[in-house]
Each structure stands twice: as C-alpha cells, then as structure tokens.
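Okay, here's what each chain looks like letter by letter:
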Amino acid sequence: MLQELIASYNYIIVVVIMMIGLWAMLAKQNLIKKCIGMAIFQTGIILFYISMGAKKGSTLPILEHAHDGAHHAVVAAHYANPLTQILMLTAIVVGVATLGVALTLAQKVYQQNRSYHEDKILEKLSK
Amino acid sequence: MSILDWIAVLFLFAGSFFFLGTAIGLLRFPDFYTRTHAAGKGDTLSSFLILAACMCYAISHSHDGLGTVLLVLKLLFIANFIGIGSPTATHAIMDAGYETGVTHWHKDKAK
Amino acid sequence: MSTQAPVLMIIAPLIASIFITLIGWFRPKFSHPIAVISLLISSIASIQVFQMVLSNGPQQYFLGNWPAPFGIEYVIDHLNSLLLVTISVVATLVALYAKRSVEKELPDKLANYYTLFVLLVTGLLGISITGDAFNLYVLLEIAALTSYALIAFAKGRSLMATFNYVMMGSIGACFYLLGVGYLFIKTGTLNMTNLSQILVSLHMSQAVLVGFVLIILGMWVKMAFFPVHGWLSNAYTYAPTASTCLIAPLMTKVSVYVMIRVMTSVFSTEYVFNHLSWHLVVVAMASVAILVGSMMALSQRDLKKCMTYLVVAEIGYMVGGAWLGNPAGMTGATYHIIADAAMTACLFMAVGCIIYKHGHTSLDTMKGIFRKMPLTMLGFVVGMLSMIGVPPTCGFFSKWYLISGAIEAGQWHFMLALLFSSLVNAIIFFRIIEIGFFGSLGSETPDPHEHQDVAVKEAPLSMVLPMLVVAGALIGIGIYTSDIISLVIQPLISATF
Amino acid sequence: MIWQFDLILLTLVVIFALISLRVKDLMGASIVFGAYSFLMCLIWAGMGAVDVAFTEAAVGAGVSTVFMIATIYNTGRMIKPRPQDMSFKLLMMLVVVITGAFLLTAVNDFPEWGDPYSPVNDHVAAYYLTHSMSDTAVPNVVTSVLADYRSFDTMFETAVVFVALIGIYGIIRRRRKQDDSDSDTDALPPYDPSESLIIRQASRMMVPFMQIFALYVVAHGHHSPGGGFQGGVILGASLILYSMSYNLPTLFKKMTEKWIILLSAIGVLIFSGVGVICMMLGSNFLDYSVLSQILPATDSVMARSHAMLIVEIGVAFTVMCAMVGIYTSLASNGRFDKGL
C-alpha cells in the first residue's frame, strides 16, 4: 500500500487539489471564494495533464541545433512531452478568461445586493 | 570542483543565511513596519547572493562562450529587476500602511 | 469552393464577429446586418455539406492539412450534418428575429451583443463538427463564455443566475476536460476516431471507465440533466429575449449531441450497454427528470419560466432515449434533438413576442392575448401542439419512436413518464387557451361579437415572421419524418448497433 | 525532476489551497492564491513544462491575482461570518469525497509516472518531437505544435480571450453620467500611489524593460520558451503596472478604451486572416505551407515558421488588450474614469 502511495503520490495530490476546488465551488457561500475554488480546480486539472506528460530524465522540449537540426535524429524520450503542455496552455488561458467573467459577475452582484454571501443575496432577491 | 564552484557554494550559503534571517524577522518582529522592513531588505540581499551563485556556476560550467554571456546577462537583468522591484514594493506596502494609519510599535507598548 | 464548406461555416461567424466589433464601435447599426449575412453564409455552407454527406457519405476535413491524429480533423457524418443545418438555420432565424427586441432591450450594447451572438453560433457549430476531443473543449468554453455574457447582459436578477450558471458550467467543462485526460493517459491521442480504435482493446481498464463517466457527468451538468438542473431555469428566464431564443433551443441540444457522440463514436454501444450495463439507472433518472420538469412547469405562474422547465423535461426525453439501448430509442433521441431545437425555438420566440408587447409573461395578465396577438399565438399553438405530440407536427414522431423504444426495452416507467409529460403539456396548453382565449379583457362577460373592440397589437413583422417560419418547419419536419429517418438517422443507427 | 522537492512542493500547494479558502479576509485569500499559483508553476517547471510554468507565472500568479484584488478593491473586503447550514455542507462534502474516491480508483491503472514510453508520451507526442524540425523548422516544439499542428485550437483560444473581454465589457460598462448613485461605500480607503515619487520613478524604469522583454518573448518563441500568450500577458502586465503606479486616467491617455477593444479584435483578425489567406491560395484553412507563394524567399517549411510568428503577434495583441481591458473594467467598476 505504502509503495503504491509513493509511486502515485503525484496523482493523489492532483485528486486532492481538484476536490478542494470542487468543494469550494459547491459549498462555499462567498462568491469570491467560489471563484478561487474554480481557479484551484482548474490548476488541479492542469497539474494532472502536466504530470502525465512528465518523463524521468528528460529536458525541455526545445530541440538543439536550431538551423540544420533536421539532419540530426531526435530521440523523443529525451524531451518532455510537448502535447500536454500545449493543451494546458490553452486551459490556463481559458481559465483566466472564465475567472475574469466570474469576478465581473461577482462584482456586479455585490453592487446590487451589498453582499458576497450567497444566502443573503438569495434572501434579498426573493423579497 | 573549481574555485568558481566553491565561490558559488559560498554565495549560496550566504544567501540561504540571509533568507533565514528574513523569515525569522518576518515572524518575530513586533509590528507591521519592522516586519515589512525585514522582508524588503533581507529578501533583496539574499536574492542577489543566490543570483551571484548562479552566475559563478554558469561561468564555471560553460560550454559555449556566447550562451554563457547571454545567461549571465539575463541573470544580471533579473538582479536589476529584483533590485528595483522589491524595495519599491515594500515601500508601497509601508506607505499604504502609513496612509491608512497603522500605528508604530513603542517600547512601552510591548507590555 | 465546396471542399472548403466545412470550415467556411465556422469561420464566417468568427470573422464576422471581428468586423462587428470593428465597425460596430463606430456605427452600431451595421452590426445586425453583418451578423445576419455571416449566419446566412454558414447556413448555405452547412446545407452544402449536408448534401455532400447525403450523396457521398461521411466527409473529413484536415485543418492545416495535417493528417488525422496529429492535426485537428473535422468529421461530418449523418448525425452532425443534420445538426449543423439545424443550428445554423435556427441561428439565422433568431438573428433576424433579434433585431427589434435587442434594439428595445439593450439599445446601447448592439455591437457587443451581436459579436457574442455570432461567436456563440461559432462555438455551437464547432462543437458539432469537430472530431477532436480537446478542440471540442475549447469550443465548449467559447459557447459557454458567450452564453454567460449574453444572459448577464440583462441586468437585475440575471446576474446572480448567471453566476450560478458560470459555476455549474465550469464544473461541467472541468469534468469533461478531466475525463478526456483520463482517456488520454491510456491512449495518448485526442482524435475521436483514433481514440475509438485504441479503446477497443482497453475495455477492462478502470481509467477508461472513470474517463467515460466523467465526460458523461460533465455533459449532464452542462445540459442540466435531472439532479443538476437547478441553474437552468433562472438563467434562461431572466436573460434577454433574443438570448433565450438562441441559447435555450441550441445549447442543451449540443450537449446531448456530445453525449451521443461520445457514447457511439468514441466508445461503442457494445461498451456502453453490454459492458457497463447500468443504462437502466440512467433511464430511471431520465424518467425522474421528465416528471420533475413537468411538475415544476405545471406549478409556475410565469409563461417563460414554465417553458424553461419544459426544457428540463425535454432533456430527460433525449437522455432517456439515448440510454434505452435499442435502435428505436436512439432514433427517437437523435430525431428529438432536431425536433426539440425547432420546437423550443418556436415557443421561446412566441414568448419573446409577448414580452416585446406585453412587458412580461405572467399568466394572470394574459387575458385576451389571442385576440390581441393572433399571429404570435398561432405560432405558439403550433409549438405547443408539437410539444404535446399531436400529428403531423414533429413532436409526435419523436415521441412515437421514444415510446416504442421504451416498450421494446421494457422500460414502462419511461413510457409512463413520456405520457405524463404529454399530459402536463396539454394541461399547460389548455390553461393558456383558457386564460388567453376565453379570459375576458375587462370585467364584462366575454362576448364573441365583441372581437372588433380589441385592437390587434401584434409584435413587429421582423419578429413574427421568423417565428412563423419555424412553426411551419415544425409541420414540415413532421411531414418529411420518414425521409429524415431513412436518409439520415438510419445510416447512423446501422453503424452503431 | 527531484522527487524530494516535488513532494515538499505538492504538500505545500495543498496547504496553500486550503489556507486561501479558510482566510476570512478576501484580500489575504487572493494573495495566498497568488502564492499557490506560483508554487504550482514551480512544480510544472520541475516537470519540464517550462512554457506552461511561464504562462502560469504571468497569468495565474500575476494577472488573476490582480483581477481579484481589483474586484475586492471596489467591493467589500471582509467576510462577515454567518450561521451556516451544516447539513448542506455535509452533503456537499459527501459528494466531493465520493467523487474523489471514484477518481482515485483509477490511479493504479495509470502508466507509471515519468515513464517515457507510456501511451501519452509515445503516440502522437513523439511524432511532434521527431518531425517538428523537418516539418516546420522550429526547434521549440511547444511553439510548433501550438501555432501549427494544433493552431486551430490556438485560434479559438485567442477567440476565448476576445469573448471574455467583450463579454465583461458589455456586462460591466456604464454610461459616464448615469447611475453614479450606487456609491462604493464598502470600498477600501482611498490610497493614491501616484503621490509617491518612489513608486512612480521605479515603475518608469521597469515598464520599458518589461515591454522589451515581452517583445523578446513573442519574437523568440521559436527558439526559447515563450510565445504570443506569455508575451501578451507580460505586455498587459506592464500596462497594468503603469496604471497602478500612476492612475487609470494616465493609462487611458496612452491607450483609450477604443483602442483596447479594436486592437484585441485586430489580433484575432490577424490569426484568422492568415488562415483565410491560406484558403484563398488554394489549400486548407491554416495550412501555412502555401504562404511560400506570397512570402519572399521561403520554401514551404520556412513559410510555416514565418507564419507562426505572424500568428503569435496576433495572439499577443489580443491577449495584451484583453488583460488590460479586463483589469480596467474591474478596477474602475465599469466607468473607465477612475479607480485602483
């Protein structure tokens, strides 16, 4: 059991982080805290992808010999996985866009109801 | 290990020592201003020292001349930015604290 | 140019959105024509693609000319070609319809509104056409972000509703992305065709199972399937009229499409129904969804809110049909995607017309509405009849296939739920008839000879006409049902079962 | 990748996430969140994902924290504790624990961590690594995949940023004279940093260097980590720093609202325009190789390399404007005249 834990501690931490974020999104009452939870959830997913693309003993995915590199054989195992990185670049940018929209909405909601507290806002709205 | 490596080790130790001092100061100093002071001063100095260690290491392990020069240049730029940025940020935080009326620590206030 | 048609239909709205922003900053009134033109282009392109698929079978398009698993690929088969036509045509009609209502509700935001409007259509078309699991995520986020903004443009209560929608929408998207990650870690590819080839040998893998469940869960959150349907009603009710007309018919249907696509193309029906064999639970959940949606709809005193709960019930139809596990159910579900898109569009457009003239849609104030707005109510009646399932409207045929699928699978509760939902729809319909037709305008008793007194206050023609076109389409789709089934849905079903 | 470091960082990340959710002061929470993002980017850098770490350092630790602070600045800062419905929290806790346990069941099924021959690393990704030079002549494989093999994703990613900007702008923007009524009573006490000579001078020194560095990051993305996104975010951050150390009107003197919106649209236009030109030259959308017909002195491989640069510039435009635009909207509360 302990051996397995150490072998996969990376993925376990990933799941823990994601669940912290999900819990904040579902159960926290404060709107800003919900936004933070959303960002934490997204970084958890990004960590998941990045750790599946990591390789032991690899270097950055930047090939040497810039101008006539085509003549050298490239061993893929020596370089970190570029594909997961691209996917996560996209995910980061999408994440910050969503965060911006969520924060904007939170700010507007606050100005209407003078509170970030979800229950209080709902009380006010149902009046 | 060449002499430059030893110098790098020396710098690293010095940097870590000052970082430790910063951390202790941040925790142990009595009020807002002194804590920020510790963070601003110690942080900057120890970053400088560690960057110097990096430069020494890069020079002693260099393979191609141009690459090392570029690397050292980049490290110098980082040092420059830390040198400008860190004290300014500390100043901004302190100034904001002063404007909004955070009180000083006095000897007789420390019970 | 015809070979470029698949990408043209995505790119036309995207580029139009840029020009709407650029030109609309200086001349806001040009933004509407640009939007309509771009959507027309994409409708024509989608019809062209549809004909290509009908005559030549499934089409592929390689973006950037990179071969399939390495670049991003478009795959257009029978299922999504029809959906593409539906989305682009409905969007064009809604764009025509939107002109007056947006001018009235959001006069100072025309350029922003139409920019997001066409980008939402880009996102929906892109989700439907793409053959790459991650590209789908990006487009899902485009569609989601645009719809958040389109809903939040109406101030007031819509803001909090949108905030909840943002939270649920991001949970759904994150689950989808995570599910794709679980598949990706086992297969190393994102291309759907390639995924399905590799997954055949991985059916026993736990990671693949978790990935599948996560994707389906994510889509359920996105489409507001039963336990997580809470956000939908408020978000759709408080949105601007034109936004509801665009988002309510298309957004949820596209999520259903993604679910069916993942079930049939990425995985196989053999995996979903034989290997996992908990589809019965899902059908039961769908029955509950239909019941809950119908009951909630029945208890509303506001027409628009009532309609949003009907959307929840309709989602139960499609999910249940897709998970019945037999060809009839799947036929019903896929057919219902098209039919329901048209039905909901028709109903929400009619409701929008009422809001335009009336200001609100509280049932109590709709007395005499049939006399005031006869054309609007004609569209509403056709839409509602289709919702109930009266032939020859298309709602009848989808319900027919769904019910026969339920009987074939022995899922009696699903059949009962369908019938119950029809009954509720009929009750709602007759209640509106009662209030709107027989309800008196003033205090005096209704008199059939006094019709002349009531001034006809119809919504503008640019709103009524698109709605009537959709209403006509409801009957048209119903009449050509056999063609649609045999030409479009049958090839799909025979490929999957 | 040193696993001892990794273990410490991963533990710290979890602790920081929990702290940022526990803190009652929202300002503190967002600062802790910034620290969390920064630790996260260290982990990614350790795993060889330098481009992602770079982006996260600029976006997660930098710009998103600034967004949060701008939001909090205009609203309230402290959470007022309220009696809570524990049964709801327990139910949610149950949901989350079940989901987490379900996710964990698959962990044993994953390929061994760091295995260079696992499916993820072997199948498609290996093709990119071995073919990038011959296909596109770009040594940074991340850039070549981002801007060429999967450029369609990237185009829509740019569009997502554009959508966010337009959406936020439409939601929050107010007419100047209209509704000044809802005053910001809960806003933080006013503090005008533009009075401080030190901050102004320091930022005057920093901003040009930041912008040059950003341009370097955009232009040198082919050979080193970086590219349009990172460069665009740094450009945006430099402008945000400028507006913070002076004030918003000073920024608007250099870059008005109008230009923010128009330039961001032009960025997307550059990207999709390159694709359309490829289509007009008779190939598929975004097939850069045909651009050799119009670009001087290039073969089809170099045409891809050059087109990537053009595309990255478009991305940088959009991202820069979006970051500045979102910040100014949040900070000025939609009035675009004064604020943080």
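Residues numbered from 1 in each chain as written. Chains lettered and ligands numbered in written order. Predicted model: local features only at pLDDT ≥ 70, side-chain atom pairs only at ≥ 80, totals over all residues. Heavy atoms only, no water.

1. Some details on the overall build of chain D
Secondary structure summary: chain D contains 13 helices and zero strands in total. In chain D, the succession of helices and strands from N to C terminus is α-α-α-α-α-α-α-α-α-α-α-α-α. Its C-alpha atoms put chain D at 65 × 55 × 35 Å along the principal axes. Relative to its full complement of 340 residues, chain D shows a buried share of 61%. Of the contacts formed within chain D by residues at least 6 apart in sequence, a portion of 69% connects residues at least 24 apart. For chain D, the computed accessible surface area is about 12,700 Å², with 69% contributed by carbon and sulfur atoms. One way to put it: in chain D the 20 positive side-chain charges average out to a point 16 Å from where the 25 negative ones average out. (Helix = DSSP H or I, 4+ residues; strand = E, 2+ residues; numbered from the N terminus. Buried < 20%, exposed > 50% of the residue type's maximum accessible area, 1.4 Å probe, protein only. Contact = heavy atoms within 4.5 Å. Areas by Shrake-Rupley, 256 points an atom, 1.4 Å probe, with all protein chains shown as cover. Lys, Arg positive; Asp, Glu negative; His and termini not counted. Charge placed at Lys NZ, Arg CZ, Asp CG, Glu CD.)

2. Description of the domain arrangement of chain D
Residue and element names in this part refer to chain D. According to the domain assignment, chain D consists of domain 1 (1–79) and domain 2 (137–175 + 187–340). Relative to domain 2, the C-alpha centre of domain 1 lies at a distance of 23 Å. Each partner contributes to the interface: domain 1 provides 16 residues, whereas domain 2 provides 22 residues. For the pair domain 1 and domain 2, the two sides together bury roughly 1,800 Å², of which 76% comes from carbon and sulfur. Three residues, D51, F54 and Y73, lead the burial of domain 1 against domain 2; their summed loss comes to 36% of the area buried on that side. Seen at the junction of domain 1 and domain 2, the total is zero salt bridges. Taken together, the residues that form the side of domain 1 that touches domain 2 break down as 10 nonpolar, four polar and two charged. (Domains from an automatic or database assignment. Buried area = accessible area lost by both parts, 1.4 Å probe. Salt bridge = Lys/Arg side-chain N within 4 Å of Asp/Glu carboxyl O. Nonpolar A, V, L, I, M, F, W, Y, C, P; charged D, E, K, R; others polar.)

3. Notes on the confidence of the model for chain D
With 93% of its residues at a pLDDT of at least 70, chain D reaches an overall mean of 86. When pLDDT is averaged over each helix and strand of chain D, the minimum, 84, is found for helix α11 (residues 248–254) of chain D and the maximum, 92, for helix α8 (residues 151–172) of chain D. (pLDDT = per-residue confidence, 0-100.)

4. A look at unusual backbone geometry
The phi angle of most residues is negative, glycine excepted, and most peptide bonds adopt the trans form. A cis amide bond links P391 of chain C with the next residue in sequence, P392 of chain C, at an omega value of 5 degrees. Structurally, P392 of chain C is set in the loop between α16 (374–388) and α17 (394–409). In the Ramachandran plot, N65 of chain C falls in the positive-phi region, its phi being about 60 degrees despite a non-glycine side chain. Of note, N65 of chain C is situated in the loop between β1 (59–62) and β2 (73–76). Residues other than glycine seldom take positive phi values, yet L286 of chain D does so here, at roughly 65 degrees. Overall, L286 of chain D belongs to the buried group, its relative accessible area being 0%.

5. Here's the deal with the interface of chain D and chain A
If you look at the interface, chain D gives 98 residues, while chain A gives 85 residues. Taken together, the two surfaces of chain D and chain A that pack against each other cover about 8,300 Å², and 74% of this comes from carbon and sulfur. Area buried by chain D at its contact with chain A is led by L21, W113 and L129 of chain D, which between them contribute 9% of it. Across the contact surface, chain D and chain A share one salt bridge. Remark: the boundary between chain D and chain A carries 17 residue pairs in polar contact (both at pLDDT 80 or more). Along the lines of polarity and charge, the residues of the side of chain D that touches chain A split into 59 nonpolar, 25 polar and 14 charged. (Polar contact = N/O pair within 3.5 Å; in protein donor to acceptor, adjacent residues only side chain to side chain.)

6. Focus on the nonpolar core
Among the nonpolar cores identified, the biggest contains 387 residues, and Y182, M259 and W323 of chain C together with W44, F152 and F285 of chain D are the most heavily contacted of them. When residues of this core are assigned to their parent elements, the largest contribution, 20 residues, is made by helix α14 (residues 327–358) of chain C. Here this core spans two domains, and each of domain 1 (1–79) and domain 2 (137–175 + 187–340) of chain D adds at least three residues to it. Setting aside residues no more than four positions away along its own chain, M259 of chain C makes contact with I216, M219, W220, M223, V319, A322 and W323 of chain C. Counting five residues, the second-largest nonpolar core is a separate cluster that includes L51, M55, V72 and L75 of chain B. (Core = buried A, V, L, I, M, F, W, Y, C linked by side-chain atoms within 4.5 Å.)

7. A look at the packing of aromatic side chains
In total, this model carries 45 aromatic pairs over all chains according to the counting rule given. Consider the rings of Y110 of chain A and Y116 of chain A, whose centres lie 4.6 Å apart with planes at 50 degrees: the pair is tilted. Owing to a relative accessible area of 3%, Y110 of chain A belongs among the buried residues under this scheme. Pairing F152 of chain D with F156 of chain D gives two aromatic rings, centres 4.8 Å apart and planes at 85 degrees, and the pair type is edge-to-face. Of the two residues, F152 of chain D and F156 of chain D both sit in helix α8, four residues apart, roughly one turn of that helix. As far as burial versus exposure is concerned, F152 of chain D and F156 of chain D are alike and both buried. What links up through ring pairs into an aromatic cluster is the set F212, W220, F225, F267, Y271, F273, W278 and W323 of chain C. Lying across the ring of F153 of chain C, K109 of chain C places its NZ or CZ 5.1 Å from the centre. (Phe/Tyr/Trp six-rings, centres within 6.5 Å; stacked < 30°, edge-to-face > 60°. Lys NZ or Arg CZ within 6 Å of the ring centre and 35° of its normal.)

8. Side note on the pattern of salt bridges
This model, assessed by the stated rule, comprises 10 salt bridges over all chains. Of the charged contacts in the structure, one is a salt bridge between R304 of chain D and D148 of chain D, with a shortest N-O distance of 3.1 Å. Highlighted residues: R304 of chain D in helix α13 (residues 300–331) and D148 of chain D in helix α7 (residues 141–149), separated in sequence by 156 residues. Because the salt bridges share partners, they merge into one network encompassing D132 of chain C together with R150 and D153 of chain D.

9. Re the packing of helix α8 (residues 206–223) of chain C against helix α11 (residues 269–276) of chain C
Two numbers describe a pair of packed helices, the interaxial angle and the distance between the axes. Residue and element names in this part refer to chain C. Running from N to C, α8 and α11 cross one another at 105 degrees; their axes reach a closest spacing of 13 Å. With respect to α11, the axis of α8 lies roughly perpendicular. Residues V208, L209 and F212 of α8 form the contact with α11, whose participating residues are Y271, V272 and L276. Tallied by class, the residues present in the contact of α8 with α11 amount to six nonpolar, no polar and no charged. (Axes fitted to C-alpha atoms, helices over the stretch in contact; angles between N-to-C directions. Parallel < 35°, antiparallel > 145°, perpendicular 65-115°, else oblique.)

10. As for the environment of S268 of chain C
Residues and elements named next belong to chain C. Residue position: S268 is located in the loop between α10 (241–266) and α11. The class for S268 is partly exposed, based on a relative accessible area of 25%. S268 has contacts with H203 and M263, leaving out every residue within four places of it along the chain.

11. With respect to the interface of chain D and chain B
Across the contact, 12 residues belong to chain D and 12 residues belong to chain B. Overall, the association of chain D and chain B removes approximately 1,000 Å² of surface from exposure, summing both partners, and the carbon and sulfur fraction of that is 80%. The tally of links between chain D and chain B comes to zero salt bridges. In this structure, the connection of chain D to chain B is made through zero residue pairs in polar contact (both at pLDDT 80 or more). When its residues are assigned to classes, the side of chain D that touches chain B shows 10 nonpolar, one polar and one charged.

12. Things to note about the arrangement of the chains
Once contacts are tallied for each of the four pairs of chains in contact, the highest total is for chains A and D. There is a gap between chain A and chain B: no contact, and a shortest C-alpha distance of 13 Å. Regarding chain B and chain C, the two do not touch, and the least distance separating their C-alpha atoms is 33 Å.

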